[in-house]
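Observations on chain architecture
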Amino acid sequence: MELVKTLETLCAAFGPSGQENEIAKVIEELAKPYVDEITRDTMGNLTAHKKGSGPKVMFAAHMDSLGLMATHITDEGFVRVGRLGGVSPQDVLGTPVRFQNGVRGMIYENDDLGDAKREIGHLFVDIGAKNAEEARGRVQVGDVAVYATPTYESGRALISPYLDNRVSCLALLQAMELLKETDNDLYFVFTTQEEVGLRGAQTAAYAIDPDYAVVADVTVADDLPGSKHTCSSKCGGGAAIKVMDGDVICHPEMVAMLKELAQEGNIPYQMDVISDGGTDGGVIHKSRAGVFTGGVSVPCRNIHCPQEVVWLEDVEATAKLLAAFAEKKLPRAEELRG
């Protein structure tokens, strides 16, 4: 799998929360060679199942992205928007966007904002319409726009919109390609609506009822100027083994197993602690009677901005560690509870 080219394909696919059908189709085609069956559920989660006789292991990477939903068309033909997920109005001014039907525009704000704090309601998308009638012929209330910024390499970095979390979808697909023989019953789940409340992962975990779960996502990078050190991972430091975030304290056995696998496989790794934010692990670990849950993340700069930054070597390390866990001979969950 050519990682950069595949990432470009993933990041270009339309897939804001609740409208993941296009990105799901892309991932399904990429995953087909490596699994026995692929299914989708009511929430839109895509599950690629590699059958085995051993413990059930669920890998989760959310495939949805942030978006801006059209809420109103002004008389002048501008599109007012509301946020879909954690969009910061401070970060998106001047950003080009595109709607699913191909209509493009640019994000601006009210000229009369003055010293008022910028809010999402101050933003609008200029689609080049001369009046409301023309605008409504191109965009309807309820349509969603996504960032239309490029994907490219710069030195050791990959820069793109929606690396959160298309880059972890890439790592999970790469892990599937790297995977050798294993008895584990593997469920590679590309989840929906993570950005609006971890919704897809909740139903997927309930349906699968896994013994173990490993969540692949991005994590905040603690290497920008002026960092307040509320996180621990750095770009170029390797796969980030999650210890804790705002939604989950990973099971110590999972942390230990992932750390041991990284050491045995000479896979670069670091420990991931963040004081806020979360991943699908926040709902998976509480599913049914509980799931042994861990996480492997890719450090990412500028999360939720129109251009995010990761290092390719961290993506590769993450994929290798995910594959190593998938291959590991795991005890039955009841044995681990001991």
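What you see is a predicted model; the values in this text were computed from it and never measured. (Residues numbered from 1 in each chain as written. Predicted model: local features only at pLDDT ≥ 70, side-chain atom pairs only at ≥ 80, totals over all residues. Heavy atoms only, no water.)

This paragraph deals with the packing of helix H1 (residues 3–12) against helix H2 (residues 21–31). Axis separation between H1 and H2 bottoms out at 9 Å; the angle between their running directions is 155 degrees. On the basis of their axis angle, the class for H1 and H2 is roughly antiparallel. Note on element contacts: H2 touches H1 through Glu 22, Ile 23, Val 26, Ile 27 and Leu 30, opposite Thr 6, Thr 9, Leu 10 and Ala 12. Class assignment of the residues belonging to the contact of H1 with H2 gives a composition of 6 nonpolar, 2 polar and 1 charged. (Axes fitted to C-alpha atoms, helices over the stretch in contact; angles between N-to-C directions. Helix = DSSP H or I, 4+ residues; strand = E, 2+ residues; numbered from the N terminus. Parallel < 35°, antiparallel > 145°, perpendicular 65-115°, else oblique. Contact = heavy atoms within 4.5 Å. Nonpolar A, V, L, I, M, F, W, Y, C, P; charged D, E, K, R; others polar.)

This paragraph deals with empty space enclosed by the protein. Applying the stated criterion to the full structure yields 1 cavity of 30 Å³ or more. Space inside the largest cavity adds up to approximately 30 Å³. If you trace the largest cavity, you find it lined by Val 215, Lys 242, Val 248, Cys 250, Thr 279, Gly 281, Thr 293, Gly 294 and Gly 295. In the lining of the largest cavity, the residues fall into 3 nonpolar, 5 polar and 1 charged. (1 Å grid on protein atoms, 1.4 Å probe; cavity = no way out; pocket = protein on both sides within 12 Å on 5 of 7 lines; lining within 4 Å. Points joined across faces, edges and corners; volume = space filled by probe spheres on them.)

The contact between H2 and helix H4 (residues 163–178) brings their axes to 10 Å, and the two run at 20 degrees. Taken together, the axes of H2 and H4 lie roughly parallel to each other. The chirality of how H2 crosses H4 is right-handed. The residues of H4 that touch H2, namely those facing Ile 23, Ile 27, Leu 30 and Ala 31, are Arg 166, Cys 169, Leu 173 and Met 176. Among the residues making up the contact of H2 with H4, the classes are represented as 7 nonpolar, no polar and 1 charged. (Left-handed = near helix turned anticlockwise from the far one by under 90°.)

Taken as a whole and judged by the stated rule, the model has 7 aromatic pairs. Ring centres of Phe 59 and Phe 188 lie 5.3 Å apart, and the angle between their planes is 15 degrees; on these two criteria the pair is classed as stacked. Linking Phe 59 in strand E3 (residues 56–62) with Phe 188 in strand E12 (residues 185–191), this pair joins segments that are 129 residues apart in sequence. Looking at Phe 59, the relative accessible area reads 0%, which means it is buried. Exposure remark for Phe 188: the relative accessible area of 2% places this residue in the buried category. Ring geometry for Phe 78 against Phe 124: centres 4.9 Å apart, planes inclined by 55 degrees, an arrangement best described as tilted. Of the two residues, Phe 78 is situated in the loop between strand E4 (67–73) and strand E5 (79–84) and Phe 124 in strand E8 (residues 123–126); the sequence distance between them amounts to 46 residues. Judged by its relative accessible area of 13%, Phe 124 is buried. Within the aromatic cluster, the residues linked to one another by ring pairs are Phe 59, Phe 188, Tyr 212, Phe 292 and Phe 325. The ring of Tyr 206 carries the charged tip of Arg 288 above its face, separated from the ring centre by 4.0 Å. (Phe/Tyr/Trp six-rings, centres within 6.5 Å; stacked < 30°, edge-to-face > 60°. Buried < 20%, exposed > 50% of the residue type's maximum accessible area, 1.4 Å probe, protein only. Lys NZ or Arg CZ within 6 Å of the ring centre and 35° of its normal.)

The subject of this paragraph is the layout of surface pockets. Taken as a whole, the largest pocket holds about 740 Å³ of empty space. Along its surface, the largest pocket is lined by 35 residues, and Val 220, Ile 274, Asp 276, Gly 277 and Ile 303 are the ones closest to its centre. At 4 residues, strand E13 (residues 212–220) tops the list of elements feeding residues into the lining of the largest pocket. Of the residues in the lining of the largest pocket, the class split is 10 nonpolar, 15 polar and 10 charged.

A separate point is the pattern of salt bridges. Should the charged atoms of two oppositely charged side chains come close, the side chains can pair. For the structure on display, the rule yields 8 salt bridges. Put simply, Asp 245 and Lys 242 hold a salt bridge, and the shortest N to O gap is 3.4 Å. Of the two residues, Asp 245 and Lys 242, both sit in the buried class. With its nearest N and O atoms 2.9 Å apart, the salt bridge here joins Lys 242 to Asp 272. Of this pair, Lys 242 sits in strand E14 (residues 239–244) while Asp 272 sits in strand E15 (residues 269–273), placing them 30 residues apart in sequence. (Salt bridge = Lys/Arg side-chain N within 4 Å of Asp/Glu carboxyl O.)

A cis amide bond, omega 10 degrees, links Asp 164 with the succeeding residue Asn 165. Looking at where Asn 165 falls in the secondary structure, it is placed in helix H4. We note that Asn 302 has phi near 60 degrees; this positive angle belongs to a residue other than glycine. Inspection of the secondary structure puts Asn 302 in the loop between strand E16 (292–300) and strand E17 (308–311). Judged by its relative accessible area of 34%, Asn 302 is partly exposed.

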